[in-house]
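Read off the chains here:
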Amino acid sequence: MDQSHRIVFNLLEAMQCLPRPAFDDACRRLATELAADLTEENRLMRDINYVPAVVHQAAHNSLLAEIDRAQCLLAIGDETGSREIIRSLPEWVEAHINTMDLALAIAVTRTK
Ligand SMILES: [Fe+2]
Ligand SMILES: [Fe+2]
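All figures in this text were calculated on a predicted structure; none of them were measured in a lab.

Quick notes on the coordination of the iron ion (ligand 2)
Here's step 1: Listed as protein donors to the iron ion (ligand 2) are Glu-41 (OE), His-56 (NE2), His-60 (NE2), His-96 (NE2) and Asp-101 (OD); their distances from the metal cover 2.0 to 2.2 Å.
Here's step 2: Summarised as a motif, the one-chain spacing of the donors to the iron ion (ligand 2) is E-x14-H-x3-H-x35-H-x4-D.
Here's step 3: Between the iron ion (ligand 2) and the iron ion (ligand 1), both coordinated by Glu-41, there is a metal-metal distance of 3.5 Å. Taken together, the positions of Glu-41 in helix H2 (residues 22–47) and His-56 in helix H3 (residues 53–75) put the pair 15 residues apart, joining distant regions of the chain.
Here's step 4: Note on Glu-41: relative accessible area 1%, which makes it buried.

Remarks on the coordination of the iron ion (ligand 1)
Here's step 1: Note on the iron ion (ligand 1): its protein donors are His-5 (NE2), Glu-41 (OE) and Asp-101 (OD). The metal-donor distances range over 1.9 to 2.2 Å.
Here's step 2: Each donor residue of the iron ion (ligand 1) lies on one chain, and together they are spaced H-x35-E-x59-D.

Side note on the nonpolar core
Here's step 1: Core analysis: the largest hydrophobic core is formed by 20 residues, its most contacted members being Leu-12, Met-15, Leu-30, Leu-34, Leu-63, Ile-86 and Leu-89.
Here's step 2: For this core, the elements supplying multiple residues, two or more each, are helix H1 (2–15), H2, H3 and helix H4 (79–111).
Here's step 3: A total of six residues in this core trace back to one element, the largest contributor, which is H2.
Here's step 4: Leu-30 has contacts with Val-8, Leu-11, Leu-12, Met-15, Ile-67, Ile-86 and Leu-89, leaving out every residue within four places of it along the chain.
Here's step 5: Of all hydrophobic cores here, the second largest spans seven residues; its members include Met-45, Tyr-50, Ala-53 and Ala-107.

A few points about the UniProt feature "domain: Hemerythrin-like" (unreviewed entry) in the protein
Here's step 1: As annotated in UniProt, the feature "domain: Hemerythrin-like" (unreviewed entry) corresponds to residues 1–101 in the numbering used here.
Here's step 2: Taken as a whole, residues 1–101 contains 85% helix and 0% strand, while its terminal C-alpha atoms sit 9 Å from one another.

Let's talk about the pattern of salt bridges
Charged atoms that come close allow side chains of opposite charge to pair.
Here's step 1: Applying the stated criterion across every chain, the model contains seven salt bridges.
Here's step 2: Ionic pairing is found between Asp-24 and Arg-20, a salt bridge with its closest N-O pair at 2.7 Å.
Here's step 3: Asp-24 sits in the buried class, given a relative accessible area of 15%.
Here's step 4: Residue Glu-40 pairs with Arg-43 through a salt bridge whose shortest N-O separation is 2.7 Å. Note that Glu-40 and Arg-43 are positioned in helix H2 at a spacing of three residues, about one turn of the helix.
Here's step 5: Classification of Glu-40 by relative accessible area gives partly exposed; the value is 37%.
Here's step 6: Residues participating in the shared-partner salt-bridge network are Glu-40, Arg-43 and Asp-47.

Each value, and the rule that gives it
Residues numbered from 1 in each chain as written. Chains lettered and ligands numbered in written order. Predicted model: local features only at pLDDT ≥ 70, side-chain atom pairs only at ≥ 80, totals over all residues. Heavy atoms only, no water. Donors = N, O, S within 2.8 Å, 3.2 Å for Na, K, Ca; no water. Helix = DSSP H or I, 4+ residues; strand = E, 2+ residues; numbered from the N terminus. Buried < 20%, exposed > 50% of the residue type's maximum accessible area, 1.4 Å probe, protein only. Core = buried A, V, L, I, M, F, W, Y, C linked by side-chain atoms within 4.5 Å. Contact = heavy atoms within 4.5 Å. UniProt positions renumbered as here; feature names shortened; annotations may be inferred. Salt bridge = Lys/Arg side-chain N within 4 Å of Asp/Glu carboxyl O.

Spelled out as structure tokens, the structure:
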């Protein structure tokens, strides 16, 4: 989990100052990386019958929806709107890691 989080953070940081079309490519890569990361976390939650899974997965879905929205805005030419979303994500992801992901990591450790 830690390694995939680092990849996402590095990508978010690097893409802030990328010009287009490299920014568009980075959005696609971000969507792919995050989908893989979140699928893995969702699998972990299923494996341990994690009770707060519904809430945690809903948070993942809203994150993926935001990235989808950023890509849609790019597609209609609203680069500013798209960049605003991407700029807001490191804070969101950090809060998620420090709360929901931390709780999950503790629960996984307890089942071992
Ligand atoms: Fe995570
Ligand atoms: Fe998570």
